[in-house]
Amino acid sequence: MSNAPRLIDPFARAITYLRVSVTDRCDFRCVYCMAEHMTFLPKKELLTLEELDRMCSTFIGLGVEKLRITGGEPLMRRGIMTFFNNMSRHLDSGALKELTLTTNGSQLDRFATDLYAAGVRRVNVSLDTLDTDKFARVTRWGRLDQVLRGIDAAREAGLRIKINTVALKGFNEDELFDLTEWCAREAMDLTFIEVMPMGDLGNEDRIGQYWSLKDLRGDLAMRYTLTDLTERTGGPARYVRLEETRQKIGFITPLTHNFCESCNRVRMTCTGDLFMCLGQEDNASLRDVMRAHPEDDGPLIAAIEEAISHKPKGHDFDYSRQRADGQVSRHMSHTGG
Ligand code: SAM
Ligand code: SF4
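Each value, and the rule that gives it
Residues numbered from 1 in each chain as written. Chains lettered and ligands numbered in written order. Predicted model: local features only at pLDDT ≥ 70, side-chain atom pairs only at ≥ 80, totals over all residues. Heavy atoms only, no water. UniProt positions renumbered as here; feature names shortened; annotations may be inferred. Helix = DSSP H or I, 4+ residues; strand = E, 2+ residues; numbered from the N terminus. Buried < 20%, exposed > 50% of the residue type's maximum accessible area, 1.4 Å probe, protein only. Contact = heavy atoms within 4.5 Å. Phe/Tyr/Trp six-rings, centres within 6.5 Å; stacked < 30°, edge-to-face > 60°. Near = heavy atom within 4 Å. Nonpolar A, V, L, I, M, F, W, Y, C, P; charged D, E, K, R; others polar. Polar contact = N/O pair within 3.5 Å; in protein donor to acceptor, adjacent residues only side chain to side chain. Arc of directions from axis to C-beta.

- The name given to the protein in an unreviewed UniProt entry is GTP 3',8-cyclase, with the source organism recorded as Celeribacter persicus.
- Entered under Function (unreviewed entry) in the UniProt record, the comment concerning the protein runs "Catalyzes the cyclization of GTP to (8S)-3',8-cyclo-7,8-dihydroguanosine 5'-triphosphate."

**Overview of the overall build of the protein**
Working step 1: Counting its regular elements, the protein contains ten helices and 13 strands.
Working step 2: Counting every position in the protein, which comprises 337 residues, the buried fraction comes to 58%.

**Quick notes on the environment of proline 254**
Working step 1: Its location among the elements puts proline 254 in the loop between strand S10 (247–252) and strand S11 (265–268).
Working step 2: For proline 254, a relative accessible area of 5% puts it in the buried group.
Working step 3: In the structure, proline 254 is positioned 60 residues away from glutamate 194 in sequence and 6.9 Å away in space, judged by C-alpha atoms.

**A few points about the side chain of aspartate 53**
Working step 1: Examined against the element boundaries, aspartate 53 turns out to sit in helix H1 (residues 49–61).
Working step 2: Taking the relative accessible area as the measure of exposure, aspartate 53 reaches 11% and is therefore buried.
Working step 3: The residues touching aspartate 53, leaving out its near neighbours within four places in the chain, are Phe83, Asn86, Met87 and Arg89.

**Concerning the packing of aromatic side chains**
Working step 1: One pass over the structure, following the stated rule, counts three aromatic pairs.
Working step 2: For the pair phenylalanine 28 and phenylalanine 135, a centre-to-centre distance of 5.9 Å together with 85° between the ring planes defines the contact as edge-to-face. A residue pair is termed long-range when its members are at least 10 positions apart, and phenylalanine 28 in the loop between strand S1 (17–21) and H1 and phenylalanine 135 in helix H4 (residues 132–139) qualify at 107 residues.
Working step 3: Here the aromatic rings of phenylalanine 83 and phenylalanine 84 are separated by 6.0 Å at their centres, their planes lie at 75°, and the arrangement is edge-to-face. Of the two residues examined, phenylalanine 83 and phenylalanine 84, each falls in the buried class.

**Observations concerning the site of ligand 2**
Working step 1: If you check the shell around ligand 2, you find Cys26, Phe28, Cys30, Cys33, Met34, Gly72 and Asn104 and nothing else.
Working step 2: The class makeup of the residues in the shell around ligand 2 is five nonpolar, two polar and no charged.

**Here we look at the site of ligand 1**
Working step 1: Around ligand 1 sit 18 residues in total, of which Tyr32, Gly72, Thr103, Ser126 and Met196 are the nearest.
Working step 2: Contact between ligand 1 and glycine 72: a nitrogen atom at 3.0 Å from a main-chain N or O atom of the residue.
Working step 3: Within the contact set of ligand 1, an oxygen atom lies 3.2 Å away from a backbone nitrogen or oxygen of threonine 103.
Working step 4: Partitioned by chemical class, the residues of the shell around ligand 1 number eight nonpolar, eight polar and two charged.

**Side note on helix H3 (residues 108–117)**
What sets the pattern is the α-helix's 3.6 residues per turn: residues three or four places apart point alike.
Working step 1: When H3 is considered as a whole, its buried residues turn out to be Leu108, Phe111, Ala112 and Leu115. Buried residues of H3, seen end-on, are gathered within an arc of 130° and therefore sit on one face of the element. Exposed residues on H3 whose side chains face more than 90 degrees from its buried face are Arg110, Thr113 and Ala117.
Working step 2: Those residues of H3 that are buried lie in contact with helix H2 (80–93), strand S3 (98–103), strand S4 (122–126) and helix H5 (144–157).
Working step 3: Looking one or two residues past H3, glycine 119 carries a phi angle of roughly 105°, positive in sign.

**Comments concerning the UniProt feature "binding site: [4Fe-4S] cluster 2" (unreviewed entry) in the protein**
Working step 1: Per the UniProt record, the feature "binding site: [4Fe-4S] cluster 2" (unreviewed entry) sits at Cys260, Cys263 and Cys277. Taken together, the annotated residues stretch across 18 residues yet fold into one region, lying no more than 9.1 Å apart by C-alpha.
Working step 2: Mapped onto the elements of the fold, cysteine 260 is located in the loop between S10 and S11.
Working step 3: Take cysteine 260: its relative accessible area is 8%, and that puts it in the buried class.
Working step 4: With respect to the helices and strands, cysteine 263 occurs in the loop between S10 and S11.
Working step 5: Residue classification places cysteine 263 among the buried residues on the basis of a relative accessible area of 10%.

Pasting the structure below:
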């Protein structure tokens with residue numbers, strides 16, 4: 001049974017997609033995402049697994065059909081499989097159409113089979129390079145072989161994989177075709193993400209520079225025939241098909257505005273703050289409302305509906321509401337990317 005969407009924003013967009021960060025912690029320290037020495041949130045600030053369940057179930061009751069679990073590194077959250085197992089009841093009932101996650105892949109070896117058993121069918125794995133040394137440099141603490149083992153385990157478990165690659169000029173520019181061909185061979189989709197300016201990471205050793213996806217696309221077109229696909233997901237991704245390999249390539253340019261009219265999503269941080277738009281700071285704290293009413297979901301539902309009624313028309317990364325340099329002060333590891 002599916003729920004009719006009940007969360008309709010002021011621009012008549014139905015909110016059917018929730019991305020939830022379940023932890024701010026991570027076993028990697030990717031240079032564009034985190035500082036090497038991070039101060040993480042105290043445990044009591046985080047939603048417990050039971051609270052995450054209650055929160056997600058409430059959204060599903062309000063018509064959310066797609067749930068993406070992210071972080072930090074979601075598979076580093078202790079007990080996270082209990083949460084996935086419990087969410088599968090909403091898949092069984094038909095209210096939830098898709099339960100998925102974005103991961104750095106380091107723990108997939110351990111969890112792939114259980115994720116499949118919980119009803120997960122697709123996983124996004126972030127991977128910027130196929131070179132062992134470069135991988136260690138960009139993730140600081142990661143090991144490529146562990147991630148590749150995780151990807152293998154996931155495929156063996158029956159999970160479909162999409163690789164997400166942050167485009168970094170002077171870093172993985174020279175791997176464009178290798179990454180593309182690797183994904184084609186392994187039957188994985190591939191999406192490139194334009195790097196967002198997260199300027200407060202204190203990274204003097206900044207690896208890679210801004211590489212516009214327009215340029216990247218031009219580079220791909222030197223080798224392949226690109227056909228634009230009309231497919232839209234309500235998010236910032238655009239897709240092309242490479243005729244030679246028949247594979248689908250996605251481009252995510254989070255700074256562009258051209259998807260806002262079809263935006264169907266909201267994001268929740270691991271502390272229960274609901275962000276209506278990736279590009280704006282406006283948020284609603286749902287945790288305290290939920291904690292204040294342990295037996296009654298009414299006030300939580302009212303707070304969610306109130307928040308959605310403020311969902312902005314579009315984001316304005318490069319305009320006045322952000323800091324003057326266009327940066328968002330939040331880390332991706334906080335809102336979940
Ligand atoms: N740890 C998981 C992972 O890496 O897939 C999930 C969380 S991570 C914050 C989600 C996505 O955000 C990853 O694909 C990562 O590459 C991307 N990301 C992080 N910082 C970014 C930035 N400054 N610009 C663009 N993408 C970024
Ligand atoms: Fe961790 Fe993902 Fe951020 Fe890398 S991008 S530091 S894996 S949260």
